[in-house]
Amino acid sequence: MNNQRRSVLKTGSGAALLSMLAAAGLIKPGMALAEWNKAAFDAKSMADTLKALGISQPADSKDVQITGPDIAENGAVVPVGVTSAIPGTTMMAILIDKNPNALAASFTLPEGTEANVQTRVKMGQTSNVYALVKAGDKYYTATKEIKVTLGGCGG
Amino acid sequence: MSMNRREFLQVMAVAAAGGMTLHSEFAMAEKGAAKLYDLPKFGNVSLLHITDCHAQLNPIYFREPSVNLGFGDQFGKVPHLVGEHLLKHFGFKPNSLEAHAYTYLNFEKAAETYGKVGGFAHLATLVKRMKANRPGALLLDGGDTWQGSGTALWSNAQDMVDACKALGVNVMTLHWESTYGEERVKEIEEKDFAGVVDIVAQNVKTADFGDPVFKPYVMKNMNGVPVAIIGQAFPYTPIANPRWQTPNWSFGIQEENMQKTVDEARAKGAQVVVVLSHNGMDVDLKMASRVKGIDAILGGHTHDGMPAPVVVKNAGGQTLVTNAGSNGKYLGVLDFDVRNGKIAGYRYKLLPVFANLLPADRDMQALIDKARAPYLAKLNEKLAVTEGTLYRRGNFNGTFDQVIVDALIKEKDAEIAFSPGFRWGTSLLPGQPILMEHVLDQTAITYPWTTVTSMSGEMIKTILEDVCDNLFNPDPYYQQGGDMVRVGGLQYTCNPTAKAGSRIQNMMLRGQLIDPAKNYRVAGWAPVAEESKNAGEPIWELVARYLRDVKTLKPVELNMPKLVGANNNPGIAL
C-alpha cells in the first residue's frame, strides 16, 4: 500500500492540497468556474439538463465508456468514471436520471488532455447513469445502471 | 406429542412398504462407499475444493432446497433445478445415495438411513484419501468458513482458523470472514496464516486509492506445472453485511481487473488459471462468458451442490464453472491433465461427505473437541423438541425461519417480522431436540441484534421489492446471492418475472390490505446500519426463550407468498 499518499492527504488540508495542485499546474484556478452552467446544474430532469446545455439528440457511442459499480457500496459516494476515445473531446459530464438534479459533474478538457475522468457522485436510488461527451460540436453518450439498495439480507 | 427418533424410524419403516428396509439400504451404501470414494488418479494438476462450510466442525443434517427458482436466461438451467428435475438432468436414480446427497427428496427418511453429513474430522479423512494418490494437490477454501456456529463466534473465528490449518487449506477467499472486521482478518492473515494459507482476492481494494488489500492471486507449481489461483471475494460484502465492519475496503465484481489479473498470470507462465470465487453461481456463469483465459471457476456463496461443472464457451475457449454446496457436505475434486503447457483433459467430482461412511480423523476430532470443550454446557442446553423437520434453505421461508419470525412476533409484540434470507443454517429431523447449538447454527453473526421499528406500509413494500430484486434481477451481476427476506405476519403475492418495483403485490395483514400511509410494528434482526449496533438482545437469546416456553414445537406452517409466473418452473417443487 502507498502510505505516502495517505499521509500527504492527512497532513494537508483540502485547501492546502488544492493550492499544491495549482502550484504544480495540475489545476488552473477558475478552471471550473469558467464553464459553470448554473441552469444546467439546476435542471431537474435529464431532458431539461440537455436543453440547458443546448443539446438536442446525443448519439450513443461505443467510444465512450462509463465505469462504476453494478451495486453502489454507499449511495453517498459512488465512484464513477468516464473515458472517451473520440478525438477532440472537450467536455465530459455525468448525469444521473433519478437524482433531484440530473447533472452531477461536468469537466472541461483543455486541448491535449487525456479524456479520462474519475469522480464520486451521490445517488439516492437506483438509476441509469449517463456519460455525456462533447467532441467537436457533437455530443455522444454511454449509459450504465447503478443499483442503490437498502442492504442486508444477503448470503 | 412428539415422536422420538426411534418411533419415527418405526413409522418410516412401515411407510416404506414393499421390501427393502432402511438397514439394508445403509448396508448397501456402506458397501458402495469404497466405490464412492475410490477416485482414481487423473492427470497432474489436482485441486480439492471446499466452500461455505459455515463453521460446521461436526457432522450435521442438511436439507437441500425445494425452491431455487431461475427465470429468463436462468430458467431451467443449473443451478436452478430442484428435486426430480435435478435427478433427471444429472442422470441420478430416485432413492439413490446421490438423490439424497444432491436433493431434498425423501429427506427425513434418507437422512435417517444415511446419517449426518460433513464434519471436519470426516472431511479430513477424505482429503487425506484424495491427496494420497494426487501428489501436490492443493486444498482451496472458497470462504464462509469462519462464520455460522456459536464456537466460531465466541472464539472470534479461532476454532475455524485452527481447523483449516489442520485440514491443510492452502488458499482461501472471503465473504463472512470480513464480518469479524478488517483488523481481525488481517491479523489472521499476517499471523496464523503466514507462510501456510494465502488469502487471495483480486476484487478487494482500499476505498480511498484502490490499492490491493490482499494478494490478487498466487502461483503454485504442481508437478512442474505453474498454476495460478485467483481470488474473487464476495463482491457485495459491504452491502449485504454491515459497511462499518469493512469501512476501508471496497469490493465489487471488478470484471476488467479480473481480465487483467488473468492476463498477468498467463504472461508469467501460468498453464492453468483457476478462480476461487465467492460470487455465487449465476454471477460466475456470467463472468465465465465474458472473461477470457480462465480454465475453471470453483464457486460458492449460493450453496449449490452441483454434481457436474457447467462448461461455458467464451472468446478465449471454455471455462468450467462449479459450485460446491455448503455446510461441509461436499468436497469438490478437479483434476487436470496438462501436457506440453496445455490442458488435455479434466475430471470433476463433487463428493458428498457422509460421516457414517468415512471414519473420523482422530487428530482433527481431538482438535474439534478441545475447541468446543469450554462452550459445551451452553451449546448442549436442550430448549425444545421439534415434531417437524426444521430447515432454512429455499428462496422463501424455511421452517426454521418460520420459528424465528414467530418468535420475533411473540417476544417483541410485533405485527410483522422480518428475518434475513441467509442460505446457511443446518437442518433438524422430526423428534430431535433443539439445542442452543442449533439455534446458533441459524443465528451466530457479529451483528445479531434484534430491532423493533414503526414502519410505514410504503416502507415495507420498498424493503420487500429491494430484496426481491437482489434475488430475481434478470442480470446476475445485480443479484446478491441470498434468498428472499423471511416474513412473518404479512402475506403477499410475488411475481419474480415482473419489473423491479412491481414484483410484490397484495400485501395483507390479518385479512386487510397493507395501507402505504399507515405505520406497523415490525420486528427484525441483523441490522446493517451502524446506528443499530446493540439495538436489542441478540436474536439467539430471544429465540431460545421462545423455544423454552414452547417445549414441544409442532410442525410449523410455512408463510409462503403466493407465487405468480412460477408454474412449471423446474426450480420449484410444490
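Since the model is a prediction, treat every value here as computed from it, not as a measurement. (Residues numbered from 1 in each chain as written. Chains lettered and ligands numbered in written order. Predicted model: local features only at pLDDT ≥ 70, side-chain atom pairs only at ≥ 80, totals over all residues.)

1. Thoughts on the overall build of chain B
So, step 1. Helix and strand counts for chain B come out as 18 helices and 25 strands.
So, step 2. Against the 2.2 N^0.38 benchmark of 25 Å for 574 residues, chain B shows a C-alpha radius of gyration of 23 Å, consistent with a compact globule.
So, step 3. Oriented by its inertia axes, the alpha-carbon framework of chain B measures out at about 70 × 60 × 50 Å.
So, step 4. Scored against the burial criterion, the 574 residues of chain B give a buried share of 55%.
So, step 5. Sequence separation of at least 24 residues holds for 77% of the intrachain contacts in chain B that already meet a minimum separation of 6. (Helix = DSSP H or I, 4+ residues; strand = E, 2+ residues; numbered from the N terminus. Rg over C-alpha atoms; globule rule 2.2 N^0.38 Å. Buried ≥ 20, exposed ≤ 12 C-beta atoms within 10 Å, placed from the backbone. Contact = placed C-beta atoms within 7 Å.)

2. So, the interface of chain A and chain B
Accessible area lost during the coming together of the parts is what is often quoted as the interface size.
So, step 1. Listed by partner, the interface residues are 17 residues for chain A and 34 residues for chain B.
So, step 2. A breakdown of the residues in the side of chain A that touches chain B according to their chemical character gives 5 nonpolar, 7 polar and 5 charged. (Nonpolar A, V, L, I, M, F, W, Y, C, P; charged D, E, K, R; others polar.)

3. A word on the nonpolar core
So, step 1. Counting residues in each nonpolar core, the largest one holds 206 residues, and the members touching the most others are Ala131(A), Leu48(B), Ile229(B), Val274(B), Leu331(B), Val353(B) and Val543(B).
So, step 2. Once residues within four sequence positions are removed from consideration, Ala131(A) is found in contact with Val64(A), Ile66(A), Val82(A), Met92(A), Ile94(A), Thr141(A) and Ala142(A). (Core = buried A, V, L, I, M, F, W, Y, C linked by C-beta atoms within 7 Å.)

4. Description of the pairing of strand E8 (residues 138-146) of chain A
Residue and element names in this part refer to chain A.
So, step 1. The sheet contact formed by strand E1 (residues 59-60) and E8 spans 2 bridges and is parallel. The partner of alanine 59 across the bridge, within E8, is tyrosine 140.
So, step 2. One ladder, built from 9 bridges, connects strand E7 (residues 127-135) with E8; its direction is antiparallel. Residue pairing in the sheet places tyrosine 130 in a bridge with threonine 143 of E8.
So, step 3. What sits between the antiparallel neighbours E7 and E8 is a turn of 2 residues, in which glycine 136 has the positive phi angle 60°. (Pairing = 2+ DSSP bridges.)

5. Let's talk about the packing of helix H15 (residues 399-412) of chain B against helix H18 (residues 539-550) of chain B
Residue and element names in this part refer to chain B.
So, step 1. H18 packs onto H15 with a crossing angle of 85° between their chain directions and a minimal axis gap of 9 Å. Classified by the angle between their axes, H15 and H18 sit roughly perpendicular to one another. In contact with Val403, Ile404, Ala407, Leu408, Lys410 and Glu411 of H15, H18 contributes Leu542, Val543, Arg545 and Tyr546.
So, step 2. Tallied by class, residues from the contact of H15 with H18 come to 7 nonpolar, no polar and 3 charged. (Axes fitted to C-alpha atoms, helices over the stretch in contact; angles between N-to-C directions. Parallel < 35°, antiparallel > 145°, perpendicular 65-115°, else oblique.)

6. Observations concerning helix H6 (residues 120-132) of chain B
All names here are of chain B.
So, step 1. Relative to the 18 Å expected for 13 residues at 1.5 Å per residue, H6 spans 18 Å between its end C-alpha atoms, a close match to the ideal helical length.
So, step 2. Buried within H6 are the following residues: Phe120, Ala121, His122, Leu123, Ala124, Thr125, Leu126, Val127 and Met130.
So, step 3. Elements that come into contact with the buried residues of H6 comprise strand E1 (45-50), strand E2 (138-141), helix H8 (158-167), strand E13 (330-339), strand E14 (342-352) and helix H13 (362-372). (Expected span 1.5 Å × (residues − 1).)

7. Considerations on the confidence of the model for chain B
Residue and element names in this part refer to chain B.
So, step 1. Per-residue confidence for chain B gives a mean pLDDT of 94, with 96% of residues at or over 70.
So, step 2. With pLDDT under 50 throughout, residues 6-20 is counted as low confidence; its partners more than four residues away or in other chains account for 14 contacts.
So, step 3. Model confidence for the complex: the whole-complex pTM is 0.91, and ipTM, which rates the interface, is 0.84. (pLDDT = per-residue confidence, 0-100.)

8. Some words on the sheet that holds strand E17 (residues 433-435) of chain B
Through backbone hydrogen bonds, the strands of a sheet pair up, either in parallel or in antiparallel fashion.
All names here are of chain B.
So, step 1. Here we have 3 strands laid out as an open sheet, ordered E17-E15-E24, and mixed in their pairing. Of all the strands in the sheet, just E17 and strand E24 (552-553) have a single pairing partner and so form its edges.
So, step 2. Sheet topology note: the strand E15 (residues 382-386)/E24 ladder contains 2 bridges and is parallel. Within E24, the position partnered with valine 385 by the bridge is threonine 552.
So, step 3. Across the face of the sheet, helix H16 (residues 436-443) comes into contact with E15 and E17 while running at roughly 65° to E17.

9. Points about the pairing of E13(B)
All names here are of chain B.
So, step 1. By the criterion of burial, E13 is predominantly enclosed, with 8 of the 10 residues buried.
So, step 2. Across 10 bridges, the pairing between E13 and E14 is antiparallel. If you follow valine 333 over to E14, its bridge partner there is lysine 349.
So, step 3. The antiparallel hairpin formed by E13 and E14 contains 2 residues in its connecting segment, where asparagine 340 sits at a positive phi of about 50°.

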